[in-house]
Amino acid sequence: MKIVQVAERCGGVLEVLSRVIVGKEEVLRRLLAGVLANGHILIEDYPGLAKTLIASLLGNALDLRFRRIQFTPDLLPGDITGSFLYDQREGRFEFRRGPIFTHLLLAD
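For every chain, the first residue of its written sequence is number 1, and the numbers climb from 1 along that sequence. Only residues with pLDDT of 70 or above have their local features reported here, since the model is predicted, and side-chain atom pairs are shown and tallied only from 80 upward, although totals for entire chains, interfaces and linings are computed over all residues. The basis for the side-chain values is all heavy atoms of the structure; hydrogens and waters are excluded.

1. Remarks on the packing of helix α1 (residues 3-20) against helix α3 (residues 51-61)
Thought 1: Every axis corresponds to a line fitted to the C-alpha atoms, with the helix fit spanning only the stretch in contact, and the corresponding angles, defined between N-to-C directions, vary from 0 to 180 degrees. Helical segments are the DSSP runs of H or I of at least four residues, strand segments are the runs of E of at least two, and each set is numbered from the N terminus. Relative orientation of the contacting elements α1 and α3 amounts to 145 degrees, with a least axis distance of 11 Å. Crossing of α1 over α3 shows right-handed handedness. Where α1 approaches α3, its residues Val13, Leu17 and Val20 are matched on the opposing element by Leu53, Leu57, Leu58 and Ala61.
Thought 2: Polarity classes work like this: nonpolar for Ala, Val, Leu, Ile, Met, Phe, Trp, Tyr, Cys and Pro, charged for Asp, Glu, Lys and Arg, and polar for all others, with Gly in that last group. Class assignment for the residues of the contact of α1 with α3 results in seven nonpolar, no polar and no charged. A clockwise turn of the near helix away from the far one marks a right-handed crossing, whereas an anticlockwise turn of less than a right angle marks a left-handed crossing. Any two residues having at least one pair of non-hydrogen atoms within 4.5 Å are treated as being in contact.

2. Some words on the packing of aromatic side chains
Thought 1: Stacked, tilted and edge-to-face pairs are distinguished by plane angle, under 30 degrees for stacked and over 60 for edge-to-face with tilted covering the rest, among Phe, Tyr and Trp rings (Trp via its six-membered ring) whose centres lie within 6.5 Å. In the structure shown here, the tally under the stated rule is three aromatic pairs.
Thought 2: Between the aromatic rings of phenylalanine 95 and phenylalanine 101, the centroid separation amounts to 6.1 Å while the plane-to-plane angle is 85 degrees, which identifies the pairing as edge-to-face.
Thought 3: Connected via pairs of aromatic rings, a cluster forms that spans Phe84, Phe95 and Phe101.
Thought 4: The criterion is that NZ of a Lys, or CZ of an Arg, lies within 6 Å of the ring centre and within 35 degrees of the ring normal, and then a charge sits over that ring. If you follow arginine 97 out to its NZ or CZ, it ends over the ring of phenylalanine 101, 5.0 Å from the centre.

Fair warning: the whole summary comes from geometry, so function is off the table for now.
Take a look at the structure:
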């Protein structure tokens with residue numbers, strides 16, 4: 001894919017997201033740049049200002065799996081990574097993936 005095509009698609013994604021998320025164009029641009037750079041992104045803002053919505057919509061727009069982890073005092077490592085559970089019908093242990101196995105993860 002050529003850089004012109006990437007730029008056009010990014011512009012389209014930003015346009016669609018900007019219809020729903022108003023006043024956060026710079027945040028959306030930086031998020032998209034972070035995804036394209038295969039990096040990690042830290043979104044800091046006051047409570048209730050659409051951080052989860054932004055991450056969810058970005059995942060939908062880019063056809064990425066989106067998951068959210070809410071960090072509470074009783075959160076265990078297995079809640080994030082997943083764990084082995086015993087399947088009585090099959091008589092064996094089966095690994096159930098946790099939310100870390102996704103394309104786009106929001107740690108809240």
